[in-house]
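Observations on the model geometry
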Amino acid sequence: MPFGQFIVKVHGRCNLACTYCYLYEGPDDTWRDRPAAASQDVLDATATRIAEHVRTHALGTVALVLHGGEPLLAGADRLGRFTDLVGARVPEGCTVRTTLQTNATLLTEERLRTLARHRIGVGISLDGGRAVHNKRRAYRSGRPSWPAAQRGARLVADRFPGAYAGILAVVDPTQDPVDTYESLLALGPPTLDLLLPHGNWSAPPPHWTPEGSVYGDWLCAVFDRWWGAGRRETRVRLFEECLALLLGLPAVTEQIGPAPFASVVVETDGAIEQADSLKSAYDGAAYTGLNVLGNSFDEALGHPAIAVRQAGTAALSADCRRCPLLGICGGGMYAHRYRAGHGFTGRSVYCADLWRFISHVADRLAKDAARAATSPAAHRNGGRP
């Protein structure tokens, strides 16, 4: 399966020092030996390689994600020029959808105007919509980043809603789930991504216990608030993907579902790597030995580690393949299956949490469908709700 999402590290450093950051505080130190910013040669080669991949596989749409570190440290004008370069190189008929993933502290009206001119969507990383939620997201001096991040988020929502791609938030089970959700909702995101913090069997997530489902319980509480609103206040990607899978529809999230791996990362030195999430497992876990300066993305497709990830459920353990929720869970995120000495062949460290969450969503869906089917309106419509 060809790559459909290209995550390009335009800048490899960050202006924040989040205490839980798996990139800079985790076991992988490869970032230390890489240049702070991608050179023009690397960006030029990346654009050429993307166009080559699109042409080879006749792709009609690809996603370009400008990532870091904090990508705005590279400058909004440079991000715009690179985006235009990719758009100019891909064959006619292919649409490039570009998104910037930022901590929002460097967003200004001028920079947002530049990004909007180059049709770059803005995704924001926050842990919630209040200062207390973001206490672990601080500058290196220890000064809180929330005031600047809030200003940036409000600026996008109020002045550039057409460029607003949404908010990405890492679940913190110590924070009230409904309060966290509603605080993020107040920032007006069109889409909300709720991510489980990266952890595995050898380095479990914070507040995790083998017998419990604290993360699953948290997600269930937010789902009930979202589902029970009576209208769609915002899209919550994990919830919508879970519902789609339960209804037999395809889903493309990396968190759940059996869809093959279709993302690739280009580091600041041009290295072609697997997903950043693998860096939470061990030093060099994302390494392929390939580089856009000398290798194609098709060569990356043939890399053994990527081939295994594209094998889907065939690469899962026997326990996972016997599970009745396999078609929905898909084994969970690949990085969360790691156990030292055993690799990524086991079940997710979040297995109990995913079981709790998926079962809860399935139960709510079934009960509400049954209720709708027996409603007076359904009887008037021949049994259709």
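Everything here concerns the structure above.
Calculation criteria
Residues numbered from 1 in each chain as written. Predicted model: local features only at pLDDT ≥ 70, side-chain atom pairs only at ≥ 80, totals over all residues. Heavy atoms only, no water. Buried < 20%, exposed > 50% of the residue type's maximum accessible area, 1.4 Å probe, protein only. Helix = DSSP H or I, 4+ residues; strand = E, 2+ residues; numbered from the N terminus. Pairing = 2+ DSSP bridges. Contact = heavy atoms within 4.5 Å. Polar contact = N/O pair within 3.5 Å; in protein donor to acceptor, adjacent residues only side chain to side chain. Axes fitted to C-alpha atoms, helices over the stretch in contact; angles between N-to-C directions. Parallel < 35°, antiparallel > 145°, perpendicular 65-115°, else oblique. Left-handed = near helix turned anticlockwise from the far one by under 90°.

Every second residue of strand E8 (residues 263-266) is oriented toward a common face, with Ser263 and Val265 on one face and Val264 and Val266 on the other, all of them buried. As judged from the 4 bridges shared by strand E1 (residues 5-9) and E8, these two strands associate in the parallel manner. Across the sheet, Gln5 pairs through a bridge with Ser263, a residue of E8. Where E8 lies against strand E9 (residues 271-273), 2 bridges are found, and the strand directions are antiparallel. Looking across to E9, one finds that Val265 is bridged to Glu273. Hairpin connection between E8 and E9: a loop of 4 residues separates the two successive antiparallel strands, and Gly270 in this loop has a positive phi of roughly 90°.

On to helix H5 (residues 177-185), then. Residue pairs spaced three or four apart in an α-helix point in one direction, given the helix's 3.6 residues per turn. Looking at H5, one finds that the buried residues are Pro177, Thr180, Tyr181, Ser183, Leu184 and Leu185. Its buried side turned inward, H5 meets strand E5 (164-170), strand E6 (191-195), helix H6 (214-227) and strand E7 (235-236). Two or three places before Val178, at the opening of H5, Asp176 has a side-chain oxygen 3.2 Å from that residue's backbone nitrogen.

This paragraph deals with the packing of helix H7 (residues 237-246) against helix H12 (residues 351-373). When two helices pack together, their arrangement is given by the angle between the helix axes and the distance between those axes. Orientation of H7 relative to H12, taken along the N-to-C sense of each, is 65°, at an axis distance of 10 Å. Between H7 and H12, the angle falls in the class roughly perpendicular. Here the hand of the crossing between H7 and H12 comes out right-handed. Counting all contacts with H7, which are made through Leu238, Phe239, Cys242, Leu243 and Leu246, the residues of H12 involved are Phe357, Ile358, Val361, Ala362 and Leu365.

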